[in-house]
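Residue-level structural notes
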Amino acid sequence: MVISQLTSRENALFKTIRLISSGARGAPAELVVAEGIRVLQEIDKCGCLIDAVLITEGFGDSSKEEALLDGWLARNVRICRTSESLFRSVSDVRAPQGAIALVRFPECKLDGAAPPGRNALVLFAGGIQDPGNLGTIIRTAAAAGASLVCIGRKTVSPRNPKAIRASAGTIFRIPIVEHAEMSEFLDYCACHSIRAYRTDILHGLAYTQADLRSPCAILLGNEGSGITNGECIGLPAIRIPMAEDVESLNVAMAGAIILFEASRQRAKG
């Protein structure tokens, strides 16, 4: 495989990266932009299909970079080098690490998702607007042993480059369903005997007292307003007790606390 040299920002690869990063309508729906050494290492571990990689002139000097480069060459991935200045023109980060990949990320539907397993732990993210929060939630869900993450229609896209970086690449490891309707998700839970818990700032059972050992789903809502979907009103609520006069926790932190409580309970048997 020959590594080609790109010298113009009008090259088709640069245009594609810009389109995908901006979420433009004309962007290829099946591709995402992945940047950062840790994210790219995770992509390699997961065996994801890579359409192309853009690297800087100096990329490959460290052992981690060299291992990535050798892996791409062995898999016949299209690799293009460019100058630092041109690379920065398409990079989405303040301190670029010298490599951007276009990665295949096919859309997964809830009715086509793999069975949740014998003791499922599932997460629903509804109305979350910050891509950093969503990426962190996905990373936490993967670390806590969740089998599926569902993204509601009014939630920021997990394909957002910032969400991918915040997930540390775990977006490619755990099954993710996008644009999920709440009614569809609740039907899925009922079909697979998964008990759904909605999170609430003020009301409900303390999260440590909820039975999270059995198959369960955790529903997280918007950063400010929480879960507002009327279809969730009848679901059991769980909360995180907090000191007086403290309004709420960051949604990603709240999700981490509850997910790892589920992991702790399951570890105890």
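Structure's up top.
What counts, and at which threshold
Residues numbered from 1 in each chain as written. Predicted model: local features only at pLDDT ≥ 70, side-chain atom pairs only at ≥ 80, totals over all residues. Heavy atoms only, no water. Buried < 20%, exposed > 50% of the residue type's maximum accessible area, 1.4 Å probe, protein only. Helix = DSSP H or I, 4+ residues; strand = E, 2+ residues; numbered from the N terminus. Pairing = 2+ DSSP bridges. Salt bridge = Lys/Arg side-chain N within 4 Å of Asp/Glu carboxyl O. Patch = residues over 30% accessible without salt bridge, like charges linked within 9 Å, V, L, I, M, F, W, Y side chains within 5 Å. Areas by Shrake-Rupley, 256 points an atom, 1.4 Å probe, with all protein chains shown as cover. Lys, Arg positive; Asp, Glu negative; His and termini not counted. Charge placed at Lys NZ, Arg CZ, Asp CG, Glu CD. Core = buried A, V, L, I, M, F, W, Y, C linked by side-chain atoms within 4.5 Å.

1. Quick notes on the pairing of strand E9 (residues 195-199)
With four of five residues buried, E9 lies mostly within the body of the structure. When E9 meets strand E11 (residues 216-220), the two strands line up parallel, connected through four bridges. Counterpart to arginine 198 in the pairing with E11 is leucine 219. With two bridges joining them, E9 and strand E12 (residues 237-239) adopt parallel strand pairing. For arginine 198, the partnering residue across the bridge sits in E12 and is alanine 237.

2. Some words on the pattern of salt bridges
Overall, the coordinates contain twelve salt bridges when judged by the stated rule. A salt bridge links arginine 104 to glutamate 30; the shortest N-O distance between them is 3.4 Å. Remark: glutamate 30 occurs in the loop between helix H1 (12-22) and strand E2 (31-35) and arginine 104 occurs in strand E5 (residues 99-104); sequence separation between them is 74 residues. Under the relative-accessibility criterion, glutamate 30 is labelled partly exposed at 33%. Arginine 153 serves as the salt-bridge partner of glutamate 181, at 2.5 Å between the closest nitrogen and oxygen. A residue pair is termed long-range when its members are at least 10 positions apart, and glutamate 181 in the loop between strand E8 (176-180) and helix H7 (182-191) and arginine 153 in the loop between strand E7 (148-152) and helix H6 (161-166) qualify at 28 residues. It is possible to trace a salt-bridge network through shared partners that takes in Glu30, Asp51 and Arg104.

3. Focus: a positive patch on the surface
Positive charge collects at one region of the surface, where Arg38, Lys45, Lys64 and Arg139 lie side by side. Residue placement: arginine 139 occurs in helix H5 (residues 131-143). Under the relative-accessibility criterion, arginine 139 is labelled partly exposed at 37%.

4. Overview of the nonpolar core
Within soluble globular proteins, side chains that are nonpolar tend to cluster in buried spots. Ranked by size, the top nonpolar core spans 53 residues in total, and within it Ile43, Trp72 and Phe172 carry the most contacts. Top contributing element to this core by residue count: helix H8 (residues 251-268), with six residues. Val177, Leu186, Ala217 and Leu219 belong to the second largest nonpolar core, which has 21 residues in total.

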